[in-house]
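Structural features, examined
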Amino acid sequence: MNHRLTAALLLISLSACAPEADSSQANRTTAQPVTTSAGVRIEGAELREGLPGAEDGVLYLTLTNTGQAQVRLLGGRTPLAREIVPMQHHGTGGTLEPILAPGEALVFKPGGNHLMLVGLSRLPKVGEQVNVTLNFAPGGEITLNVPVNPY
Ligand SMILES: [Cu+2]
């Protein structure tokens with residue numbers, strides 16, 4: 001296998017859970033914005049469809065701390081995967097410490113930070129709505145109905 005092909009395959013596998021660029025906005029839908037009891041606003045939440053063979057999925061959204069205290073996103077869960085883990089862009093690698101000071105926003109988007117659905121039990125399908133529960137401290141758990149958009 002030549003190096004160029006190896007690099008191409010590596011790119012494909014890396015992008016499996018974090019597309020580098022956002023494709024067309026056409027026909028995309030996002031979850032209704034919600035706000036936790038501690039004042040974290042969650043908007044623009046969307047899942048991306050699972051490509052055949054994908055073991056992990058990806059969730060994008062924007063968090064804004066409208067409250068008076070620092071808030072941490074502890075993680076999340078969904079019936080579709082083993083767990084939801086906040087991650088940095090694959091180029092920088094590693095998990096993310098999602099701590100928001102009052103007034104601060106944190107964006108999870110293609111090519112950047114993302115929430116990874118680790119260990120999919122099945123592939124998310126375009127058009128379906130998936131229950132996603134996020135866990136904050138303070139604020140506890142909040143559940144959203146998140147639509148699945150094309151990859
Ligand atoms: Cu990831």
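Residues numbered from 1 in each chain as written. Predicted model: local features only at pLDDT ≥ 70, side-chain atom pairs only at ≥ 80, totals over all residues. Heavy atoms only, no water.

As annotated in an unreviewed UniProt entry, the protein carries the name Copper chaperone PCu(A)C and is attributed to Deinococcus terrestris.

Let's talk about the overall build of the protein
A count of helices and strands for the protein gives one helix and 10 strands. Listing every helix and strand of the protein by position from the N terminus yields α-β-β-β-β-β-β-β-β-β-β. Buried positions account for 40% of the 151 residues belonging to the protein. For the protein, the proportion of contacts with a sequence separation of at least 24, taken over those separated by at least 6, is 69%. When the accessible surface of the protein is split by element, carbon and sulfur atoms take 55% of a total near 7,900 Å². (Helix = DSSP H or I, 4+ residues; strand = E, 2+ residues; numbered from the N terminus. Buried < 20%, exposed > 50% of the residue type's maximum accessible area, 1.4 Å probe, protein only. Contact = heavy atoms within 4.5 Å. Areas by Shrake-Rupley, 256 points an atom, 1.4 Å probe, with all protein chains shown as cover.)

A closer look at the nonpolar core
Ranked by internal contacts, the top residues of the largest apolar core, which has 29 residues, are Ile-42, Leu-61, Leu-63, Leu-134 and Phe-136. Every element with two or more residues in this core is listed here: strand 2 (40-48), strand 3 (57-65), strand 4 (71-78), strand 5 (81-87), strand 7 (105-108), strand 8 (114-120), strand 9 (129-137) and strand 10 (140-149). Once you skip the residues sitting within four places of it in the chain, Ile-42 turns out to touch Gln-32, Pro-33, Val-34, Thr-36, Leu-61, Thr-62, Leu-63, Leu-134, Phe-136, Ile-142 and Leu-144. (Core = buried A, V, L, I, M, F, W, Y, C linked by side-chain atoms within 4.5 Å.)

Describing the pairing of strand 7
Side-chain alternation along strand 7 places Leu-106 and Phe-108 on a buried face and Ala-105 and Val-107 on a face that remains uncovered. Sheet analysis places strand 3 next to strand 7, joined by four bridges and oriented antiparallel. Paired with Thr-64 across the two strands is Ala-105, which belongs to strand 7. (Pairing = 2+ DSSP bridges.)

Remarks on unusual backbone geometry
The omega torsion of the bond from Ala-137 to Pro-138 falls at -5°, within 30 degrees of zero and hence cis. Relative to the helices and strands, Pro-138 resides in the loop between strand 9 and strand 10.

With respect to the pairing of strand 5
Burial runs high along strand 5: five of the seven residues are buried. Where strand 4 and strand 5 come together, two bridges link them in antiparallel fashion. What sits directly across from Gly-76, in strand 5, is Ile-84. In sequence, strand 4 turns back onto strand 5 through a hairpin of two residues. Bridge count for strand 5 against strand 8 is six bridges, and the pairing is antiparallel. Counted as the bridge partner of Ile-84 is Leu-117 from strand 8.

Remarks on the confidence of the model for the protein
With 80% of its residues at a pLDDT of at least 70, the protein reaches an overall mean of 86. In the model, residues 1-16 has pLDDT below 50 throughout and makes five contacts with residues more than four positions away in sequence or in other chains. (pLDDT = per-residue confidence, 0-100.)

Overview of the pattern of salt bridges
Under the definition given, this model contains five salt bridges. One salt bridge in this structure joins Arg-77 and Glu-141, with 2.6 Å as the shortest N-O distance. You can see Arg-77 sitting in strand 4 and its partner Glu-141 sitting in strand 10, a full 64 residues away along the chain. Judged by its relative accessible area of 48%, Glu-141 falls in the partly exposed class. (Salt bridge = Lys/Arg side-chain N within 4 Å of Asp/Glu carboxyl O.)

Some remarks on the environment of Met-87
Along the polypeptide, Met-87 turns up in strand 5. In this structure, the C-alpha to C-alpha distance between Met-87 and Leu-115, residues 28 residues apart in sequence, is 5.9 Å. Setting aside chain neighbours within four positions, we find Met-87 in contact with Gly-94, Thr-95, Leu-96, Asn-113, His-114 and Met-116.

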